[in-house]
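Below are the chains, spelled out letter by letter.
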Amino acid sequence: MSMPDLPLTPDDVAEIAAILDGTAYDRIDITTARFRLRVARDGQGMTQDWSLADDTLPGTAAVATQAPAAETGLCVHAPLPGTFYRAPAPGAPPFVEPGATVSPDTVVGIIETMKLMNPVHAGVHGVIDAILVDNATMIAKGEALMRLTEPQA
Amino acid sequence: MIRRLFIANRGEIALRIIRTARRMGIVTILGASAADARSLPARSADDVAVIGPAPSAQSYLDSDAVVAAAVAAGADAIHPGYGFLSENAAFARAVAAAGIRFVGPDLSSLTAMGDKLMARTVGIEAGLPVVPGGEAGDKAAARAQAERTGYPLLLKAVSGGGGRGMKRVDAPDQLDAQIDMAMAEAQAAFGDPRVYVERFIARGRHVEVQVLGDGNTAIHLGTRDCSIQRRFQKLVEEAPAPAMPDDRRAAIESAAVNLARHLGYKGAGTVEFLVDAETFEFYFLEMNARIQVEHPVTEAITGIDLIEQQLLIAGGARLALRQSDVQLLGHAIEVRINAEDWRADFRPSPGTVTRAAWPAGPGIRIDTHIASGGEVPPYYDSLLGKLIVSAPTRAEAVALLGRALDRLCIEGVDTTRDLHRAIVQDARFIAGGVDTRFFEGLTA
C-alpha cells in the first residue's frame, strides 16, 4: 500500500509560490520518487502542475481503455465513453434491430456516462447490418457500435 | 476521539478529508472502487480497501460492502463525504450497528430532513417561514389553497419531480384549466393526481447557511449564495451572500440556527433558503445533513476547518466554538471545474487529463484530485476540481477569479473553464446578487 507521503499540501504550495515570487526565477521544479510539482510564473500570477510517479498499486484500475474495434466502412461510433445500452429501459425493446433503416437523427442507443444518459444518434442514412457490442457493456470513445449498409437507392 | 477513519467517498472530497484527518493525527483508510485504486486520494491515504468494481452501485453505493470493509480495516469512524451514502439513513443505521461512529448527524435528523415534505413540516414546527402553499387533493381544495397562496403560483405534482406535472398560473381565470392539466399529468406520470399549490417566486436566489451543532447547542458560519445553477446543480458559490441587506442576512442566519437547535443537530449541516431577489423575503427549502461541495468558501471567510469540526463532534467532543468566535472576513468565490463540454449541453467529457496546470498564489485555493496524467472515469460525476479565491472585498475576489481562470489550463478533456470566464465578465455577476435565471441572459 502507499506510504503516508502525501504530495505537498495547499499551504506548502502557497509557500513555494511566495518563495518563487521573491526570486528572479520563472519556475521551481520539485521531483521526488513519488511526484513532480512545477510552480511557474504565468502572466500576473502562477500555476501549479502536478504529476505522479507511475507506481502501481494493488487492484489496479479496470477502466475500459481498449483500442476501438478495427471496423471499417459505415459504422455508428460511440460519441463518448461509458456504458452502452440498446434499450431506453431494462426490459424495453431495443431502439433498433438489424435491418432497421435509420437516418442521421435516429436514436440507436444510449451511453451512460457520469450519471447522465446520452443518446447515440446514427449520424448517417443507412440500414443496420450488425450490432457490434453487447448491451450494458463498457465502451471506449470512438468504438464502433453498429455496422451499417448503404440505404437502398 | 477518532483514531482510524474510513473514508467512503472518492475524488476531491476524499483527498480533502484525508488532509485534515492527517493533520489531526488520525489514520485514514480509503474505501475505493477498482477504477479509483490508483487515484490521488488512494495514493494519499494511509491504506486503501478496494470495496468493489467500478460502477457506483457495486462500490460506493453498496452499503454492505462499505461497512464490511470499514469493519475489516478496524475503523472506528466512517466519513461519508457528500453524495453517495452520505444522507442515507439505512447506511447510518448499519454503520452504528457495526459499532462504528458515523461522521454526520443523528438518525433522527437524517430522517427528519430526508424528504422535502417532511422537512417542510419540521421547518414549520421550528418556526421557519416556508414558501406559502399546501397540498390539494381535488379541484375545490386546489382552488381554496390558491386563494390563500396568492398569484403567481405553481402547481406541482405531490409525487412528482423533474418539472413534470408543474404548471405556472399567473391569474385566477387560468386556474381551472391549469389544475385539470396538472392533475391529469400528475396522474399519468406518477399515478397520483394530487397537486401541491405553491407561491411562484419570479426572481429567486438560492441562499444557504452553514451550521454546526453538537446536539446541545448550535451556531452558524454565515451565508453562501449558490444562485448560478444548471439542471439544479450549482456551478458558482460565494460567501457571504452578496447584495443583501445586513438585517435580512442576519434573519436568515438566525432562522437556520433555530432549525439546528430544534433538531438537536449534531455535526455540520446546511440550511437552504429561497430568497426573493426583490423583497428579500426568505423561505426554508431543505437541510443538507452533510458536508457540502461548496464548504471551502465558508472556510475561507471564517478560517474554520469544517472537516475538523465534523471529526471533533463525531468523536464526541462538545462544540468548542461560540457564535462570538465566528468572525466573517472578506469574500470568497468558488467555481466548479467540471469535465463537461458546456457548449454541447454540458455533455460529460471523461478521459485522461494530459495536463493540469491549476492556478497558484495568494488568495487561491485548489481542491482537486486531478494531476497531470489523471484519469476521469466515466462512472462518476464530472467534478475535476474547485477553484476558490478569497480577497478582502467582493470586487477584488471577482478580479482575482478572472485572473486565476486565465491561467487554468486543463488538456485532454473538455472543461467548464470558459463558461466561468464568461460568467466572471458578466455585468450582472460583477454587480452581484443574481437570481437563478442568470443563465437565460448569459452571452458566451
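Above this text you will find the structure in question.
We now turn to the structure provided with this report. The residue count restarts for each chain, going from 1 along the sequence in the order it is written. Note on labels: chains are lettered from A, ligands numbered from 1, in written order. Restriction of local features to residues with pLDDT of at least 70 applies here, the model being predicted, together with a cutoff of 80 or more for giving and counting side-chain atom pairs; totals for whole chains, interfaces and linings are based on all residues. Note: side-chain values were computed over all heavy atoms of the structure, leaving out hydrogens and water.

## Some remarks on the overall build of chain A
Stage number 1. A helix here means a DSSP run of H or I that spans at least four residues, while a strand means a run of E at least two residues long, and both kinds are numbered starting from the N terminus. Helix and strand counts for chain A stand at 1 helix and 11 strands.
Stage number 2. Reading chain A from its N terminus to its C terminus gives the helix and strand order α-β-β-β-β-β-β-β-β-β-β-β.
Stage number 3. Buried, partly exposed and exposed residues are distinguished by accessible area as a fraction of the type maximum, computed with a 1.4 Å probe on protein chains only: under 20%, between the cut-offs, and over 50%, respectively. Of all 153 residues assigned to chain A, the portion counted as buried reaches 36%.
Stage number 4. The contact criterion used throughout is that any non-hydrogen atoms of two residues lie within 4.5 Å. Taking contacts inside chain A between residues at least 6 apart in sequence as the whole, the part at least 24 apart equals 50%.
Stage number 5. Only carbon and sulfur atoms are counted for the fraction: they give 54% of the accessible area of chain A, which is about 8300 Å². Only the protein chains shown count as cover for residues, with accessible areas throughout obtained via the Shrake-Rupley method and a probe of 1.4 Å.

## Some remarks on the pattern of salt bridges
Residues and elements named next belong to chain B.
Stage number 1. Note on definitions: salt bridges are taken to be side-chain nitrogens of Lys or Arg within 4 Å of carboxyl oxygens of Asp or Glu. With the rule as written, the count across this model stands at 44 salt bridges over all chains.
Stage number 2. Linking Arg16 and Asp305 is a salt bridge whose minimum nitrogen-to-oxygen distance equals 2.7 Å. In this pair, Arg16 is assigned in helix 1 (residues 11-23) and Asp305 in the loop between helix 10 (295-302) and helix 11 (306-314), connecting sequence segments 289 residues apart.
Stage number 3. As a salt-bridge pair, Asp180 and Lys139 come within 2.9 Å of each other at their nearest N and O atoms. Of the two residues, Asp180 is situated in helix 8 (residues 175-190) and Lys139 in helix 7 (residues 139-149); the sequence distance between them amounts to 41 residues.
Stage number 4. Residue class for Lys139 comes out partly exposed when judged on its relative accessible area of 27%.

## Observations regarding the layout of surface pockets
Stage number 1. Of the two site types, the cavity is a set of points on a 1 Å grid over the protein atoms alone where a 1.4 Å probe fits but cannot get out, and the pocket is an open set with protein on both sides within 12 Å along at least five of seven lines, each lined by residues with an atom within 4 Å of a point. Grid points are joined across faces, edges and corners, and a volume is the space filled by probe spheres set on the points. Looking at the second largest pocket, its volume works out to about 1000 Å³.
Stage number 2. As for the second largest pocket, its lining consists of 41 residues, of which Thr9, Pro10 and Asp11 of chain A together with Arg365 and Asp367 of chain B are closest to the centre.
Stage number 3. Put simply, the parts of the chain that give the lining of the second largest pocket at least two residues each are helix 1 (10-21) and strand 3 (45-52) of chain A together with helix 1, helix 2 (40-44), helix 10, strand 19 (355-360), strand 20 (364-368) and strand 22 (383-391) of chain B.
Stage number 4. Among the elements that make up the lining of the second largest pocket, the one with the highest residue count is helix 1 of chain B (7 residues).
Stage number 5. By the convention adopted, Pro, Cys, Tyr, Trp, Phe, Met, Ile, Leu, Val and Ala count as nonpolar, Lys, Arg, Asp and Glu as charged, and the other residues, Gly among them, as polar. By residue class, the composition of the lining of the second largest pocket is 21 nonpolar, 10 polar and 10 charged.

## Some remarks on the sheet that holds strand 9 (residues 126-131) of chain A
Residues and elements named next belong to chain A.
Stage number 1. Pairing is antiparallel across the open sheet formed by 4 strands, whose spatial order is 4-11-9-6. Whereas interior strands pair on both sides, the edge strands pair on one side only; in this sheet they are strand 4 (75-77) and strand 6 (101-102).
Stage number 2. Here strand 4 pairs with strand 11 (residues 144-149) via 3 bridges, running antiparallel. Bridge pairing in strand 11 links His77 to Ala144. Here, any two strands with at least 2 DSSP bridges between them count as paired.

## Quick word on the nonpolar core
Stage number 1. Throughout this description, the term nonpolar core refers to a set of buried Ala, Val, Leu, Ile, Met, Phe, Trp, Tyr and Cys residues connected via side-chain atoms within 4.5 Å. By size, the foremost hydrophobic cluster in this structure holds 85 residues, and its most contacted members are Leu5, Phe6, Met113, Leu212, Leu259, Phe273 and Phe284 of chain B.
Stage number 2. Ranked by residue count, the leading element in this core is helix 9 (residues 246-263) of chain B, at 6 residues.
Stage number 3. Among residues more than four places away in sequence, those in contact with Phe273 of chain B are Leu128, Arg205, His206, Val207, Val209, Ile252, Ala255, Ala256, Phe282, Tyr283, Phe284 and Leu285 of chain B.
Stage number 4. Counting residues in hydrophobic clusters, the runner-up holds 37 residues, among them Met114 of chain A together with Leu235, Ala404 and Val434 of chain B.

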